[in-house]
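Each chain, written out:
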Amino acid sequence: MKKAILIIILLVFVVAGFFGFRFYNKYYGNNVEKEGYVLIPHNASFKQLLDSISPYIQNKESFEAVAKDKDLDKYFKAGRYRIQRGIGNTNLVNMIKAGNQTENTFRIGDFGDIYQMVGRVTKKTELDSLRFVNDFNTIATEKGYTNAEDLKKYFFIDTYNFFWTVTPKEFFKKFEDQYNSFWNSERKAKEQQSGLTRNQIYALASIVYKESGGKEDEMKTIAGLYLNRYRKGMKLQSDPTVIYAINKQTNFKESIKRVLYKHLSTPSPYNTYANAGIPPGPICVVDKNSVDAVLNAENNNYIFMCADPARFGYHKFTASAEQHAINAKAYQDWLNSKNIK
């Protein structure tokens with residue numbers, strides 16, 4: 001009798017263990033076959049969700065059962081979700097239901113215009129570039145500007161994190177907050193002392209950034225040089241402004257490695273060989289260092305600068321036209337020797 005009871009108890013434990021294991025494995029056991037990212041748009045159906053996630057899981061039926069048990073078929077949040085090994089169906093369902101998506105990394109570079117930047121950024125967002133541009137145009141109009149291009153000064157070169165589902169307004173708000181924090185009372189005081197408008201500061205900062213190649217150690221020197229030219233009433237004669245003028249005309253499809261004499265007459269308000277004064281706006285998205293370089297420009301007497309072939313990426317500075325001619329000749333000879341046209 002006792003033996004029969006023990007056998008029954010053992011059978012109960014075995015059956016309970018079997019079903020308990022199946023329950024645990026269904027809800028909490030690893031169901032991830034490979035790692036990756038799942039994109040779930042706002043207008044996705046539950047079937048589309050299943051189709052998106054099925055390449056990453058071992059057992060689609062068990063996931064679907066747990067998902068329906070937890071009402072994921074009735075409610076889920078759009079997003080970009082990271083699927084990791086060791087995750088069970090319950091964790092997957094809870095992650096998508098709660099909207100715990102993984103951020104994307106964006107690199108904002110020295111884009112020539114807002115449209116170029118938007119084209120790159122939207123490759124990592126749910127919305128297309130047209131939606132971004134239209135919303136940016138609306139934001140610009142609300143701020144009293146002409147179009148999205150006038151928002152260029154709000155962006156700084158750096159790496160940022162955003163969700164795949166970010167809206168244009170959310171995206172811009174992050175940069176607007178950064179812009180407002182950057183322009184603290186100290187920088188505003190230096191802005192007033194400079195005698196320049198905010199647009200002029202950004203335009204000069206963009207020239208400084210392009211001329212320096214983003215190297216911080218020459219920025220203040222270059223800023224001082226261009227301020228000297230501006231205050232003397234001289235044309236700035238910055239090659240990057242000519243390149244920008246041509247790029248704007250060709251929608252940034254032409255690559256110019258060397259500015260030639262024929263380029264200098266390119267008709268554009270940004271061409272500082274054809275026009276005196278500071279361009280009407282920045283020729284690229286800038287970094288914070290280049291703006292600070294203009295606000296804290298080096299007090300020097302330099303008027304001329306020329307690329308230094310002996311120190312790639314750096315320049316020779318001088319106040320002498322004669323010395324500049326010598327420097328320019330050396331640089332032209334170097335370009336010719338490298339067959340750079």
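The structure this text deals with has already been given above.
Residues numbered from 1 in each chain as written. Predicted model: local features only at pLDDT ≥ 70, side-chain atom pairs only at ≥ 80, totals over all residues. Heavy atoms only, no water.

Axes are the key here: two packed helices are described by the angle between their axes and the distance separating the axes. Two elements in contact, helix α2 (residues 46–53) and helix α3 (residues 60–69), have axes separated by 11 Å at closest approach and are oriented at 140 degrees. Taken as axis vectors, α2 and α3 run oblique relative to one another. Considering the relative orientation of α2 and α3, their crossing is right-handed. Counting all contacts with α2, which are made through Phe 46, Leu 49, Leu 50, Asp 51 and Ile 53, the residues of α3 involved are Lys 60, Phe 63, Glu 64, Ala 67 and Lys 68. Along the lines of polarity and charge, the residues of the contact of α2 with α3 split into 6 nonpolar, no polar and 4 charged. (Axes fitted to C-alpha atoms, helices over the stretch in contact; angles between N-to-C directions. Helix = DSSP H or I, 4+ residues; strand = E, 2+ residues; numbered from the N terminus. Parallel < 35°, antiparallel > 145°, perpendicular 65-115°, else oblique. Left-handed = near helix turned anticlockwise from the far one by under 90°. Contact = heavy atoms within 4.5 Å. Nonpolar A, V, L, I, M, F, W, Y, C, P; charged D, E, K, R; others polar.)

Let's shift gears to the nonpolar core. The biggest cluster of nonpolar side chains holds 56 residues, and the ones touching the most others in it are Ile 108, Met 117, Phe 136, Phe 155, Phe 171 and Val 291. Looking at this core, the element that brings in the most residues is helix α9 (residues 198–212), giving 8 residues. In terms of nonpolar packing, the next biggest core, distinct from the first, is built from 23 residues, Leu 49, Phe 63, Ile 83 and Val 93 among them. (Core = buried A, V, L, I, M, F, W, Y, C linked by side-chain atoms within 4.5 Å. Buried < 20%, exposed > 50% of the residue type's maximum accessible area, 1.4 Å probe, protein only.)

Let's shift gears to unusual backbone geometry. The phi torsion of most residues other than glycine is negative, and most of the peptide bonds are trans. Of note in the backbone geometry, Asn 251 takes a positive phi value of approximately 55 degrees without being a glycine. Within the secondary structure, Asn 251 is located in the loop between α11 (239–249) and α12 (288–295). In this structure Asn 251 comes out as exposed when scored by relative accessible area, which is 53%. Backbone geometry at Phe 252 places phi at a positive 60 degrees, although glycine is not the residue there. The residue Phe 252 is located in the loop between α11 and α12 in this model. Here Phe 252 falls in the partly exposed class, since its relative accessible area comes to 21%.

Keep in mind these values describe shape, not function.
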